[in-house]
Amino acid sequence: DSGVTQTPKHLITATGQRVTLRCSPRSGDLSVYWYQQSLDQGLQFLIQYYNGEERAKGNILERFSAQQFPDLHSELNLSSLELGDSALYFCASSSRGLAGGQGNEQFFGPGSRLTVL
Amino acid sequence: QKEVEQDPGPLSVPEGAIVSLNCTYSNSAFQYFMWYRQYSRKGPELLMYTYSSGNKEDGRFTAQVDKSSKYISLFIRDSQPSDSATYLCAISNSGGYQKVTFGTGTKLQVIP
């Protein structure tokens, strides 16, 4: 158990809908990352937050948004869902969110599986 | 060209074999290298983390980095059926906030 929790585990919804995925980082970790994993694309970095502020952005669609709250939990909002958004969404956390160095390793949650029909 | 290239496999070996998993990367700015293990439908689990050229050993696992060739490897000695999983290499920038780029993963099956 990494200490990172994610809800829901599974979600089935229809095209055009909006969903929210939730992540709680490990105790003491200030940085949260979101990733999308699909069969043909592998694990893709979406966005990073550190202590409530956005710090790095990857291949995140404009239909997707995220935020990190004062209690450090984070939410990923996916809107106008398309069939291609079906994937596993992972959250990871690290202590400081800085590149390199001991203590900056990322620890992953169990993921949220999204199916768009 | 992808920033990180990894042979997707699948790789099938008999129990007890030595397994070699490899990745190449294109950007010499990458300075930190990781290997993750991912069991089916689970979150990736960090196995090894290194930042220098050379070898780093942890039990049956050895991570090797060759920065001059932009090549990283993970060796698994005395492989076990429980090692059957997908192995992801991951590479991070140096400096500033961390951005990790993952390989697509190599699926390994260890046959008893």
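Provided above is the structure to which this section pertains.
## Topic: the overall build of chain B
Across its full length, chain B holds 0 helices and 11 strands. Taken from N to C terminus, the helices and strands of chain B fall in the order β-β-β-β-β-β-β-β-β-β-β. Taking 13 Å as the expected radius of gyration for a compact globule of 112 residues, we find that chain B reaches 14 Å, a close match to that expectation. Dimensions along the principal axes, computed over C-alpha positions, put chain B at roughly 45 × 30 × 25 Å. The proportion of buried residues among the 112 residues of chain B is 44%. Put simply, 54% of the contacts in chain B that link residues at least 6 apart link residues at least 24 apart. Accessible surface, chain B as shown: approximately 5,400 Å² in total, 48% of it carbon and sulfur. Computing the positive centroid from 11 side-chain charges and the negative centroid from 10, chain B places the two 7 Å apart.

## Some words on unusual backbone geometry
Of note, the bond from Thr-7 of chain A into Pro-8 of chain A is cis; its omega dihedral lies within 30 degrees of zero at -10°. Tracing the backbone shows Pro-8 of chain A in the loop between β1 (5-7) and β2 (10-13). That bond from Gly-9 of chain B to Pro-10 of chain B is cis: its omega, 10°, falls within 30 degrees of zero. By the element assignment, Pro-10 of chain B lies in the loop between β1 (4-6) and β2 (11-14). The phi dihedral of Arg-41 of chain B falls on the positive side, at around 65°, and the residue is not glycine. Position of Arg-41 of chain B among the secondary structure elements: in the loop between β4 (32-38) and β5 (45-50).

## Looking at the pattern of salt bridges
All names here are of chain A. Tallied over the entire structure, the rule returns 7 salt bridges over all chains. Linking Arg-55 and Glu-53 is a salt bridge whose minimum nitrogen-to-oxygen distance equals 3.6 Å. Looking at Arg-55, the relative accessible area reads 35%, which means it is partly exposed. With a relative accessible area of 44%, Glu-53 lands in the partly exposed category.

## Observations concerning the pairing of strand β7 (residues 64-68) of chain A
All names here are of chain A. Only one face of β7 is covered, namely the one carrying Phe-64, Ala-66 and Gln-68; the face carrying Ser-65 and Gln-67 has none of its residues buried. Where β7 lies against strand β8 (residues 74-78), 5 bridges are found, and the strand directions are antiparallel. Its bridge partner being in β8, Ser-65 is matched across the sheet by Asn-77. The hairpin turn running from β7 into β8, its antiparallel successor, is 5 residues long, and Leu-72 in that turn takes a positive phi close to 80°.

## Brief notes about the sheet that holds strand β6 (residues 54-58) of chain B
All names here are of chain B. What the 5 strands build is an open sheet, ordered β1-β3-β8-β7-β6; its pairing is antiparallel. Lying at the two open borders of the sheet, with one neighbouring strand each, are β1 and β6. Geometrically, the sheet is characterised by an average inter-axis angle of 20° between neighbouring strands, direction not taken into account. Of the strand pairs in this sheet, β1 and strand β3 (residues 19-25) are connected by 3 bridges, and their pairing is antiparallel. What sits directly across from Glu-5, in β3, is Thr-24.

## Regarding the sheet that holds strand β3 (residues 19-24) of chain A
All names here are of chain A. Pairing in this open sheet of 4 strands is antiparallel, and the strands run β1-β3-β8-β7 from one edge to the other. Looking at strand neighbours, the two that pair on one side only are β1 and β7, the edges of this open sheet. The mean inter-strand angle of the sheet, taken between neighbouring strand axes irrespective of direction, is 15°.

Calculation notes
Residues numbered from 1 in each chain as written. Chains lettered and ligands numbered in written order. Predicted model: local features only at pLDDT ≥ 70, side-chain atom pairs only at ≥ 80, totals over all residues. Heavy atoms only, no water. Helix = DSSP H or I, 4+ residues; strand = E, 2+ residues; numbered from the N terminus. Rg over C-alpha atoms; globule rule 2.2 N^0.38 Å. Buried < 20%, exposed > 50% of the residue type's maximum accessible area, 1.4 Å probe, protein only. Contact = heavy atoms within 4.5 Å. Areas by Shrake-Rupley, 256 points an atom, 1.4 Å probe, with all protein chains shown as cover. Lys, Arg positive; Asp, Glu negative; His and termini not counted. Charge placed at Lys NZ, Arg CZ, Asp CG, Glu CD. Salt bridge = Lys/Arg side-chain N within 4 Å of Asp/Glu carboxyl O. Pairing = 2+ DSSP bridges. Axes fitted to C-alpha atoms, helices over the stretch in contact; angles between N-to-C directions.

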